[in-house]
Amino acid sequence: MTDRKIKALNARALYQTCDLKQFDFKTTADLEPLDRPLGQERALEAIEFGVDIEQHGFNLFVVGDPGFGKNELVRQILSRQAQADDSRWDWCYVNNFDQPQQPRLLKLPAGMGQKLRLDMESLVEDLLTSLPSSFQSEEYRNRRHEIEQELQDRQEQAFRKLDHEAEAQGIVIMRTPSGYTMGPVVDGHPLDPQEYAKLSSDAKNRVEEIIAELQRRLQEIVRDMPLVQREHHQRIKALNQEITQHTVEQLIAWVENAYRDQTEVMEYLKKVKANAIKDVDAFLPSEQSGEADNIASRVAGFYAYGINVVVDNTDTTGAPIVFEDNPTYQNLIGRIEYLSQMGTLVTNFMLIKPGALHRANGGYLILDAHKLLTHGFAWEGLKRALKAGEIRTQSLEQMLSLANTVSLEPESIPLRVKVILTGESRLYYLLRGLDREFTQLFKVSADFARSAKRDRNSVRDYARLIAAVQRDRDIRPLERASVGRVIEEASRLAGDTGKLSLHLGEMLDLLSEADYWAGKARRKTIRLQDVERAIEKQDYRQDRYRELMQEQVLRGIKMIDTDGERVGQVNALSVLQTGGYSFGQASRITATARLGRGGIVDIEREARLGGEIHSKGVMILSSYLAEQYAANQPLPLAASLAFEQSYGMVDGDSASAAELCVLLSALGEIPLKQSLAITGSINQLGEIQAIGGVNEKIEGFFDICEKRGLIGGQGVIIPAANRAHLMLHKNVRNAVTAGKFHIYPVERVTQAMQLLSGLKPGARDGRGQYPKQSFNFRIQQRIEKLQRMQRQFMQRGARDENAAGKGERE
Amino acid sequence: MKTDGKRNQHTVVLAADAGSYSITTVNLAVQMAASMKTRLRGLFIEDEDLLQVTGLPFTREISLVTARERPTDVERMQLSMRSVARQFEQTLKREAAASRIACSFDYVRGRFRDIGLKTDQNATYTILGQPVSHGVRPRSETVPRRILVIANRSRNKRRALEVLLNRYRHHRIEVTLVDVEPGSKLVADLEQLTRGDGAEISLIELSGERLPELLSNWGSGFDCAIVSRHEKPDELAKILKSLNCPVILVA
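The following refers to the structure shown.

Rules used throughout
In this numbering scheme, every chain counts its residues from 1 along its sequence in written order. A letter from A marks each chain and a number from 1 marks each ligand, given out in the order of writing. Thresholds applied to this predicted model are a pLDDT of at least 70 for local features of residues and 80 or more for the giving and counting of side-chain atom pairs; totals over whole chains, interfaces and linings are not thresholded and use all residues. Note that the side-chain values use all heavy atoms of the structure and ignore hydrogens as well as water. Each helix corresponds to a stretch of at least 4 residues labelled H or I by DSSP, and each strand to a stretch of at least 2 residues labelled E; elements are numbered beginning at the N terminus. In this scheme, a residue with accessible area under 20% of its type's maximum is buried, one over 50% is exposed, and one in between is partly exposed, where area comes from a 1.4 Å probe on protein chains only. Only heavy atoms enter the contact rule, under which two residues are in contact if any of them lie within 4.5 Å. Using the Shrake-Rupley algorithm and a 1.4 Å probe, accessible areas are obtained, with residue cover drawn only from the displayed protein chains. Only strands joined by at least two bridges in the DSSP assignment are considered to pair. To define axes, lines are fitted to C-alpha atoms, for helices over the stretch in contact only, and angles between the resulting N-to-C directions are given on a 0 to 180 degree scale. By convention, the term buried area covers the 1.4 Å-probe accessible surface removed from two parts as they join, with the contributions of both added. Salt bridges are defined by distance alone: a side-chain nitrogen of Lys or Arg within 4 Å of a carboxyl oxygen of Asp or Glu. Within 3.5 Å is the distance limit for a polar contact, defined as a pair of N or O atoms, with the added protein rule that one can donate a hydrogen and the other accept it, and that residues adjacent in sequence qualify only through two side-chain atoms.

## A look at the overall build of chain B
Then comes step 1: If you tally the helices and strands in chain B, you get nine helices and 11 strands.
Then comes step 2: Looking at the 251 residues of chain B, the share that counts as buried comes to 52%.
Then comes step 3: Sequence-distant contacts, at least 24 apart, represent 76% of the contacts inside chain B between residues at least 6 apart.
Then comes step 4: Approximately 12,100 Å² of chain B is accessible, and the part contributed by carbon and sulfur atoms is 47%.

Structure (structure tokens):
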């Protein structure tokens, strides 16, 4: 603990300018564009490894926030890799003539799927024209006629013969409305009942016997009729098949010739042939639709002979690279569509639609992990396909056993794909932690750096990166000073003077806007003022909420003092984010201290408005306080801390230094300068540790002070470790140069207290006492006072108890 | 009006009994009447021969569909006949109305052939329904439709032929002409009727001597026959007995 004066930082320490002397170009047009990703060597190597390795489970998760060029880099690497891989296949579903519910799969060399589809369409067209011709041939007609005539004659003759025999025996066979009946005839006239009654008994018996026999034979003839019909049907069918077979074999032969070395196709064509012969009637025109010009529309109806090319690589070169932007379950795995026919949903193999996995098979599939995980069952579907090494197209209803309708069970497609997931690190670690299968399936991670080290080499590379973007996006060349300013802004975005942000999206936006302003000014190159204007306008467009907050302070609605001194009150700093824009704001923290045994009450925590990290900070400062001032005696203190006019959650520990200072102020009744604000977290030893958003915080307090008028003593106390992060706006730097604003880097809370109170901390003497002019003396005095008060209270209490006990005894 | 008067001289009569009524025959009769824009008379004959036979004590009816026998009697047979007659009448009136021709219907008892041949001697065309072929007759596209024309000097054959050719225009047609004199106008008429409409018609000409053989072997193979009413009664009876198709008796 030292009492030496704490020096404020000079303006040079507040901003790391880009040394333009290191550049030997006038504009980026003179620069050779950077042809590799800047600062992403680790990710690059991981991607190249992940893409190249062919073992199962070595899929890739590219970790990084949006805007760092992950997708672009992955695409570049994949494009190079894909060119070398030419193992592309077409995948087709065809009808399974034996089991229509289980469509068959054909794997064909690239481009052959469409050819087969067209060949099969031609075949059907040929069958539709040639088969009717065959059936209209004279030969066919004659042979069919023979069969029909023969069978008809056989029936007729049987009846005729019976008719003649009956006539010869004096019996007539007559037709009734629903059959036949028989009766005796004399002289060509049937006998009536009276005439019949006059016949002798023998004659009657004879007539009845004859009729009984004739009836028996008639029944036999009638019974045989269905058999004759069946024979007729079978003989006609055999004739049709004979004629069809001849025609079909002739027509299909040329298709077979084209696919002789494709075993699966040959097997399929065999089935086609057998089915076409069996199903010949379908190819023959009915009486209603026999017109030849109807062929084209009829071909469309013969879907059973169609080829559903689910993956067509006709016009692709190299392995496929597929980026599925909407990775739903169906878009990944494919789907089976249905048609409504007469109120019923029906489907067939031609309604199997491919998914991204089908299209990427044999190549690479790039997916956004967040989108994948937010679509129901998509992640599960992807994992199942990768684990099984096959794509089984199944509806969600089938997968979940919710469907009762008849659907298809298409043959699974063997899957050989490299899946590249891209997503934020949070997602990556969540998946690693929660999903055991994830590490088995995604064994390679490529972690994209958010920033790169800022040194001479990287700055030159960054300039070449700017040149590459400038040419790629066709914007105006940037002058040297503009490049320097963009690099400085990259450091500001990185929040570190020694780093460069690798967020390409933000850099591209800045260049585009600078180009816009250069265009407005009719310049051929982008000058420094264009970049400055772009930055200024970007801030301005997003600045409305910051202005509103600032206005509340300036109007005194939100109470922030920027001059004077107050006991138990300090200005802390915090960072607010609205979308991608962040800004700093001052908050008042107050503390009270009194005799008690309750320790320190964190009002935010009690009101459930304090986060866990904030609570941790308060506990740390309690510990520091006890250790520092009451190591050997009880600390009879009841103190409370509150963020004034704060109505939302307070979290983080960057205000713990401010909280400790204000607590010490309240405890020692030490006024603190309101012209200063403080940020930083503390540890139990009283050391002040680095915090985030230091630039925004300083600028947030500066803006208020500037608006109220800089009075000379205003400034911000920051952790010394945050010096490396300072990239402050020009107006802050100017105020510092003019001595109107100060940035104090501190390492210990005692230094902060010294700045805030204007009192030195002092060091204990041999009796353990602090010097009277030190703030520690005041604190020590107050604690001792509290301890005395506590002892007095305890003694009084003991006397009261004794007196009460004596009275009772008396 | 004079023309109408002439037209009204023609009449078409359709005669059928319970065993020979069919919608096909009704259609043919309606088509014939419509082609001449004349009235159509339907005649249902309750065949007394059949009623006599069903009155016998041992009479059984054998079902054409199931081949089973069942007892029958006059009353049941009459009910059955009247049911067929009602169908006949309804079909006739419906089809006639659809073709916008006038029609009448009569129900008489007698012997079918006698009444069929003797009733309406002045009718230009009398169509006799015939018991259809036994069993199911194949009627595929490839089977030609066969028309039998037994030639004589009747002047009205051409109209009947014209109606039949139009009726079978989507099929191959075989016309068998029997007893046609060389250079007959009938052949010329036939050629004229079929010219230019793309019909596939074959013509078979046979002498009158071959008629018995034709009827014996092919009598059940015709789809329709055109026969002159002026044939001798015995000859006509033989012809009708041999045929299983509707017969158009031409005056």
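## Here we look at the sheet that holds strand β17 (residues 444-447) of chain A
All names here are of chain A.
Then comes step 1: Read across the sheet, five strands follow the order β8-β13-β16-β1-β17 without closing on themselves; strand pairing throughout is parallel. This sheet does not close on itself; its edge strands, each paired only once, are β8 (321-324) and β17. When the angles between neighbouring strand axes are averaged without regard to direction, this sheet yields 20°.
Then comes step 2: Here strand β13 (residues 364-368) pairs with strand β16 (residues 418-423) via five bridges, running parallel. Note on β16: the bridge partner recorded for L367 is L421.
Then comes step 3: Lying over the sheet, helix α1 (residues 41-52) contacts β1 (60-63), β13, β16 and β17, oriented at roughly 155° with respect to β17.
Then comes step 4: Strand contacts of helix α14 (residues 425-434): β1, β16 and β17, with the helix running at about 140° to β1, the strand carrying the most contacts.

## Observations concerning the sheet that holds strand β7 (residues 307-311) of chain A
Residue and element names in this part refer to chain A.
Then comes step 1: An order of β3-β2-β7 is seen for the three strands of this open sheet, with the pairing classed as antiparallel. Looking at which strands have only one partner, the edges of the open sheet turn out to be β3 (104-109) and β7. Taking the axes of each pair of neighbouring strands and ignoring which way they run, one obtains an average angle of 35° across the sheet.
Then comes step 2: The pairing of strand β2 (residues 89-94) with β3 spans six bridges and is antiparallel. Opposite Y93, over in β3, you have L105 as the bridge partner.
Then comes step 3: Here helix α3 (residues 112-135) sits on the sheet and contacts β2, β3 and β7; the angle it forms with β7, its principal contact strand, is near 165°.
Then comes step 4: Each of β2, β3 and β7 touches helix α7 (residues 263-278); the most contacted strand, β3, lies at about 135° to it.

## Observations concerning the interface of chain A and chain B
Then comes step 1: Counting from both sides, the interface comprises 45 residues of chain A and, opposite them, 52 residues of chain B.
Then comes step 2: For the pairing of chain A and chain B, the buried interface totals around 4,100 Å² over both sides, and the portion due to carbon and sulfur atoms is 56%.
Then comes step 3: Considering only the surface of chain A that becomes buried against chain B, A:R141, A:R175 and A:P177 emerge as the three largest contributors, covering 16% of it.
Then comes step 4: Taken together, the links from chain A to chain B amount to one salt bridge.
Then comes step 5: Two residues, B:R172 and A:E138, come together in a salt bridge whose shortest N-O distance is 3.7 Å.
Then comes step 6: Counting every contact that joins chain A to chain B gives nine residue pairs in polar contact (both at pLDDT 80 or more).
Then comes step 7: When contributions to the side of chain A that touches chain B are tallied by element, the ones reaching two or more residues are α4 (138-168), β4 (171-176), β5 (179-186), β6 (189-190), α5 (193-197) and α6 (201-258) of chain A.
Then comes step 8: By residue number, the principal contributor to the side of chain A that touches chain B is α4(A), which donates 14 residues.

The values are spatial; any link to function lies outside them.
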